[in-house]
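Descriptive structure summary
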Amino acid sequence: MSDRTAVEAFVYREARLMDEFDYDGWFALWDEDGVYHVPVDPDPSAHTGRRVSIIRDDYPRLQQRVDRLKTGSVLAVEGQKGAMRRLVSNIEISTVDTAGEIEVGSNFILGIARTAEQQLWIGRTIHRLRQHVGEFRIARKTVFLINSTHETPLLQFLI
Amino acid sequence: MMATRSAEPPVDYRNLVREAQVHGSAYRDPEIFQRELERIWYKVWVYVGHESEVPNPGDFVRRQIGLQPVLMVRGRDGVVRVFYNRCRHRANLLCLREAGNSDKFVCPYHAWSYANTGELLEPTFDEGYDYDLQKEAFGLTPLARQDSYRGLIFASVAEEGLSLAEHLGAITEFLDLFIDLSPVGEIMLDTGAQKTQYRGNWKYMPENSMEGDYHGPFLHQVAFALYARRTGFDVSALATGEVPDVIRSLPGGHMVEDYRGAPIDPPKRAPSPSRLEYIAAMKTRHGDEKAGQMMRTMAPLLYVFPNLLYVITHIRVVQPASVDRTNVYYYPVMLKGAPDEINDMRLSDHEFMMGPAGFISPDDIEIMERNQIGIQAEGHDWLYIGRGLHRERDMPDGGRSGMTMDETHLRGFWRHYAALMGDGE
């Protein structure tokens, strides 16, 4: 079992990097076989066969996502961008079969202030973290939005 | 006396469309939206869903025609039916779940129950009805008309009107072209849907979806560059040399981007074994010449008036909620009979481009929201859709065609819209 304080510090730091649009800092947290997944289905195992996702990035595509968000000339990103802060809570740490890896579940509430409205995004994140020399890397991050099966606004930021 | 809001006199709904101009109120006026419901959404054929979404007896999905809730159900007899999602007793929403499988539907209010074929099973406490309650007369109400084309199920609120075949008309040629991307001629919408919404009028979606070549190089510049880097396929090259007859308006308000005359450069990398297997299967089905042509060109993008789009990877459904709010559903299209790797790639490409977090469609959604803000400015209240007006051609199917970036298709859409919204057709 990893030190809980270290795990919490990692999850909080990741949240802050996302909130502050530090795309490079966030991308540096990832391991090179990382998968970033925001499914539509709350329980993908309930189906056999392919299911479409909101986000399903392997590492090269994640790099592209970060490049696109950073560009500054992407209309949707510009229009959707607003001041944002998230609270992360309900952290639970589990051991997994793979040595050197842990699974961390956490809930988040994310508020985004844009010109005409405040958006609220809520969900649960499952991090698969891998212990590197003295620090964690993200091997997998799955975000279950509570409204993933409903119509959502555009998701043009890191969640 | 009321102050005049606009520099121009108010425009009658029968006069919203000129040859190459559309009045701003068509996107803004709640009365016009109400008339659209009556004259368009509750009159013409509307796409409801695909048979592959309800493969087994008892499978159902909730849908909407205009603002009216409907259910598409495959009955225990294997027949797919479209019913109003409303209890015959006191009009409660019968089924809340978005999708599922059920032998029967039980209304949560007073527990009247219906078979998945629509018949009333039990009007609870029926001894209280002091007359002979005819169960047969209280089944779920089917839509007035229902028909399908190659698995695409349409329904109409109106008792009378054109047949589905007449409504679709010349667009079946283009529907065939994309459905025949499956080596067995069947598509599957079995991966679910991404759902988003925007604060803008529904008509922005068909207009925007069918003109990637005019706005693409500007709006999608970043995404196109990333896509080219990933796949070696330079989408922006489609717009560099304009090709005749790419943009098509068809009778019935349908629109097409027809790329048969615009071959794409083959990818530089060698085709994978799955790709070779797929090409071989396509040749077996369609013959060398047609299969070769389909492989050399991009399948058409198409819009079936008023709510069905096929765009590169998926079927897109446009669902108005109000004059300035629209829901959009993206259903990836899988090709039955194609190698797994081909469908895996299609789904992956779809997720790259589409949905609320994709690299392309969010730019379009953002533009539509800004369009709805821009259109509040009524100073000169006419939109201009005149590109290529001087060079558009009449086509044998009764439609017109234009060059790659022309607005011929938009003029066709609006001509049809004006005919439906005006007094006569």
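This report concerns the structure included in the present document. Keep in mind that this is a model prediction, so the values were computed, not measured.

A word on the environment of Thr231(B)
- Mapped onto the fold, Thr231(B) is located in helix 6 (residues 221-231).
- With 108 residues separating them in the primary sequence, Thr231(B) and Pro123(B) have C-alpha atoms 59 Å apart.

Observations regarding the interface of chain A and chain B
- Of the residues lining the interface, 31 residues belong to chain A; the matching set on chain B comes to 38 residues.
- Interface area, chain A with chain B, both sides summed: about 3,100 Å², of which 49% is carbon and sulfur.
- Contact with chain B buries surface across chain A, with Arg50(A), Arg61(A) and Glu151(A) losing the most and accounting together for 25% of the total.
- A salt bridge links Glu78(A) to Arg370(B); its shortest N-O distance comes to 3.2 Å.
- At the boundary of chain A and chain B, one finds 23 residue pairs in polar contact (both at pLDDT 80 or more).
- Every element with two or more residues in the side of chain A that touches chain B is listed here: strand 2 (53-57), helix 3 (59-71) and helix 4 (75-80) of chain A.

What about the sheet that holds strand 15 (residues 247-249) of chain B?
All names here are of chain B.
- Spatially, the nine strands line up as an open sheet ordered 14-20-19-18-17-16-15-24-23, and their pairing is antiparallel. Only two strands of the sheet have a single partner each, and these edge strands are strand 14 (194-198) and strand 23 (393-394).
- Sheet analysis places strand 15 next to strand 16 (residues 255-257), joined by three bridges and oriented antiparallel. By the bridge assignment, Ile-247 is partnered in strand 16 with Glu-257.
- Along the sheet face, helix 10 (residues 361-374) touches strand 14 and strand 20 (325-332) and points at about 25° away from the line of strand 14.

Considering the sheet that holds strand 8 (residues 104-106) of chain B
All names here are of chain B.
- Sheet architecture is open: three strands sit in the order 8-9-10, paired in antiparallel fashion. Strand pairing shows two members of the sheet lacking a second neighbour, strand 8 and strand 10 (120-122), which therefore form its edges. The sheet shows a mean angle of 30° between the axes of neighbouring strands, taken without regard to direction.
- One ladder, built from three bridges, connects strand 8 with strand 9 (residues 113-115); its direction is antiparallel. Counted as the bridge partner of Lys-104 is Ala-115 from strand 9.

Section: the pattern of salt bridges
- Under the criterion given, the structure shown has 46 salt bridges over all chains.
- Here Lys141(A) and Glu14(A) are joined by a salt bridge, their closest N and O atoms 2.7 Å apart. Placement of Lys141(A) in strand 6 (residues 135-145) and of Glu14(A) in helix 1 (residues 4-19) is noted, with a sequence separation of 127 residues between them.
- A relative accessible area of 1% places Lys141(A) in the buried class.
- Of the charged contacts, one joins Arg150(B) and Asp176(B) as a salt bridge, the two residues approaching to 3.1 Å between their closest N and O atoms. Highlighted residues: Arg150(B) in the loop between strand 11 (145-149) and strand 12 (152-156) and Asp176(B) in helix 3 (residues 172-179), separated in sequence by 26 residues.
- Look at Arg150(B) and you get partly exposed, because its relative accessible area is 29%.
- Judged by relative accessible area, which is 21%, Asp176(B) ranks as partly exposed.
- Here the salt bridges share partners, and the residues they tie into one network are Asp31(A), Asp33(A), Glu101(A), Glu103(A), Arg128(A), Arg130(A), Glu135(A) and Arg137(A).

Topic: unusual backbone geometry
All names here are of chain B.
- Geometrically, the link from Phe-305 to Pro-306 is a cis peptide bond, its omega value of 0° lying close to zero.
- Mapped onto the secondary structure, Pro-306 falls in the loop between strand 17 (301-304) and strand 18 (308-311).
- Phi at Arg-150 is positive, roughly 50°, even though this residue is not glycine.
- Of note in this structure, Asp-245 is not a glycine but carries a positive phi near 65°.
- With respect to the helices and strands, Asp-245 occurs in the loop between helix 7 (237-240) and strand 15.

Quick look at the packing of aromatic side chains
- Summed over the entire model, instances satisfying the criterion amount to 22 aromatic pairs over all chains.
- Taken together, a centroid distance of 5.4 Å and an interplanar angle of 65° make the contact between Trp26(A) and Tyr36(A) edge-to-face. Of the two residues, Trp26(A) is situated in helix 2 (residues 23-27) and Tyr36(A) in strand 1 (residues 30-39); the sequence distance between them amounts to ten residues. Here the two residues Trp26(A) and Tyr36(A) agree in accessibility, since each one is buried.
- A connected cluster of aromatic rings, assembled from ring pairs, spans Tyr27(B), Tyr204(B), Tyr303(B), Phe305(B), Phe413(B), Trp414(B) and Tyr417(B).
- Cation over ring: Lys81(A) sits above Phe21(A), and NZ or CZ is 4.5 Å from the ring centre.
- Lys203(B) extends its terminal NZ or CZ atom over the ring of Tyr27(B), reaching a point 5.5 Å from the ring centre.

Here is what the cut-offs are and how they apply
- Residues numbered from 1 in each chain as written.
- Chains lettered and ligands numbered in written order.
- Predicted model: local features only at pLDDT ≥ 70, side-chain atom pairs only at ≥ 80, totals over all residues.
- Heavy atoms only, no water.
- Helix = DSSP H or I, 4+ residues; strand = E, 2+ residues; numbered from the N terminus.
- Contact = heavy atoms within 4.5 Å.
- Buried area = accessible area lost by both parts, 1.4 Å probe.
- Salt bridge = Lys/Arg side-chain N within 4 Å of Asp/Glu carboxyl O.
- Polar contact = N/O pair within 3.5 Å; in protein donor to acceptor, adjacent residues only side chain to side chain.
- Pairing = 2+ DSSP bridges.
- Axes fitted to C-alpha atoms, helices over the stretch in contact; angles between N-to-C directions.
- Buried < 20%, exposed > 50% of the residue type's maximum accessible area, 1.4 Å probe, protein only.
- Phe/Tyr/Trp six-rings, centres within 6.5 Å; stacked < 30°, edge-to-face > 60°.
- Lys NZ or Arg CZ within 6 Å of the ring centre and 35° of its normal.

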